[in-house]
Amino acid sequence: MTQNSQYRLAGEMVSKIHAVLGKHEGYRTLHADGRLFRGSFEANTDAARYCRAVHLQGDKIPVSVRFSKGGGDPFAHFSATVGMATRFYLPDGRVTNLVMLSQKLFIARSIDQFIALVEAAAPLSPGGPPNLEGLRAILPDHPNAAAVLKMRAESPAPVSFGNTAFHAVHAFNLVDAAGNITPARFHWIPVDGEKGQPATDLAAQDASILFDEITTRLEHEPVAFDLTLELAEPDDILDDPTHLWPDGRRRVPIGRLTLTASTSEAEIGDPVMNHDPSMLVDGIEPTDDPILHIRRGVYEVSAALRSGGWRRAGSMSRQSDIA
């Protein structure tokens, strides 16, 4: 891949997503509605065996987590897809992100495939609903995307963020202190166990139900997740986020995240909070997954559009109401 391949068509992708899902000023292109929470992460002794990243060496690391709805409409009801974007605040002042979904896979394996799917779903008239019939019509030409959409349609919806497992749809290469590389996928596994409900039941409830539930829950008790590695075997595909590895891959818990309270962009001091999943540190390297690479450009375009970019950077208040 070329050095700037992550920016190829990023602006066009954002525009096409807005055409399908709508553009809501001041909000993210996807996962528009979200809430922030704070806590800490502490790696266990297994973590350093696989990775030399500074936040995986056993120190207690401050974190923030943004739980979010899927989709681009911040006023919509919840669906079966929700997000969990974790930011680790490193001792040297840097940050790194770990972005996951309640779904195990992304819907496209390439930039061109993603654009084809979004174009097929474009409304027949400006501002109209997504053209689902148009999307269905091209799915026979995209069997991998069809399989992911079927899996998503059949998946249960959350009853609580704190009882939902989250998955990084991309694989990463972990590098240990000796330079050995271990390809792996990350998962957050809720310590309190997984629970689900029919998506129709969740959609019928208040549009803020899961945010309200986790906020109230944290007023009484912490909510914890175990960070778990799913270790690849030599023939596993690393660059296709529409492909599940076979069942039975070894899983290793490498640390625990504990959330304790709500927070905000104002409290954190970052009114934009760009959760770019390619914002990595030494010890965690991207694979050749083209969707992972372009996400940097897409996130930067989306962040600039919702925040005013550098033109407003000097005047933006820390009391931002960006969701």
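What follows covers the confidence of the model for the protein chain. Considering every residue of the protein chain, the mean pLDDT works out to 91; 93% of them sit at 70 or more. In the model, residues 313-323 has pLDDT below 50 throughout and makes 24 contacts with residues more than four positions away in sequence or in other chains.

With the rule as written, the count across this model stands at 13 aromatic pairs. Geometrically, the ring pair formed by Phe161 and Phe211 is stacked, given 5.7 Å between the ring centres and 25° between the ring planes. Residue Phe161 is located in the loop between strand S5 (157-158) and strand S6 (166-167), and its partner Phe211 is located in helix H7 (residues 209-218); the two are separated by 50 residues in the primary sequence. Here the two residues Phe161 and Phe211 agree in accessibility, since each one is buried. Grouped by ring-pair contacts, the aromatic residues Phe37, Phe67, Phe78, Phe161, Phe166, Phe211 and Phe225 constitute a single cluster. In this structure, Arg35 packs its charged tip against the face of Phe211, placed 4.3 Å from the ring centre. Its guanidinium or amino end placed over the ring of Phe78, Lys69 lies 5.2 Å from that ring's centre, counting from NZ or CZ.

What follows is about the pairing of strand S7 (residues 172-175). Regular strands place side chains that alternate from one sheet face to the opposite one. The alternating pattern of S7 places Phe172 and Leu174 and Asn173 and Val175 on opposite faces, both of which are buried. Here S7 folds back onto strand S8 (residues 181-190) in antiparallel fashion, the turn holding 5 residues, of which Gly179 has a positive phi close to 90°. One ladder, built from 3 bridges, connects S7 with strand S12 (residues 284-286); its direction is antiparallel. Across the sheet, Leu174 pairs through a bridge with Ile284, a residue of S12.

Turning to its location among the elements, Asp176 is positioned in the loop between S7 and S8. In this structure Asp176 is buried but unpaired, with Arg52 as the nearest side chain of opposite charge at 5.9 Å. In this structure the side chain of Asp176 is engaged in a polar contact, spanning 2.9 Å, whose partner is the backbone nitrogen of Ala178. From its side chain, Asp176 meets the backbone nitrogen of Gly179 in a polar contact 2.9 Å long. Asp176 has contacts with Ala48, Arg49, Tyr50, Cys51 and Arg52, leaving out every residue within four places of it along the chain.

Analysis parameters
- Residues numbered from 1 in each chain as written.
- Predicted model: local features only at pLDDT ≥ 70, side-chain atom pairs only at ≥ 80, totals over all residues.
- Heavy atoms only, no water.
- pLDDT = per-residue confidence, 0-100.
- Contact = heavy atoms within 4.5 Å.
- Phe/Tyr/Trp six-rings, centres within 6.5 Å; stacked < 30°, edge-to-face > 60°.
- Helix = DSSP H or I, 4+ residues; strand = E, 2+ residues; numbered from the N terminus.
- Buried < 20%, exposed > 50% of the residue type's maximum accessible area, 1.4 Å probe, protein only.
- Lys NZ or Arg CZ within 6 Å of the ring centre and 35° of its normal.
- Pairing = 2+ DSSP bridges.
- Lys, Arg positive; Asp, Glu negative; His and termini not counted.
- Salt bridge = Lys/Arg side-chain N within 4 Å of Asp/Glu carboxyl O.
- Polar contact = N/O pair within 3.5 Å; in protein donor to acceptor, adjacent residues only side chain to side chain.

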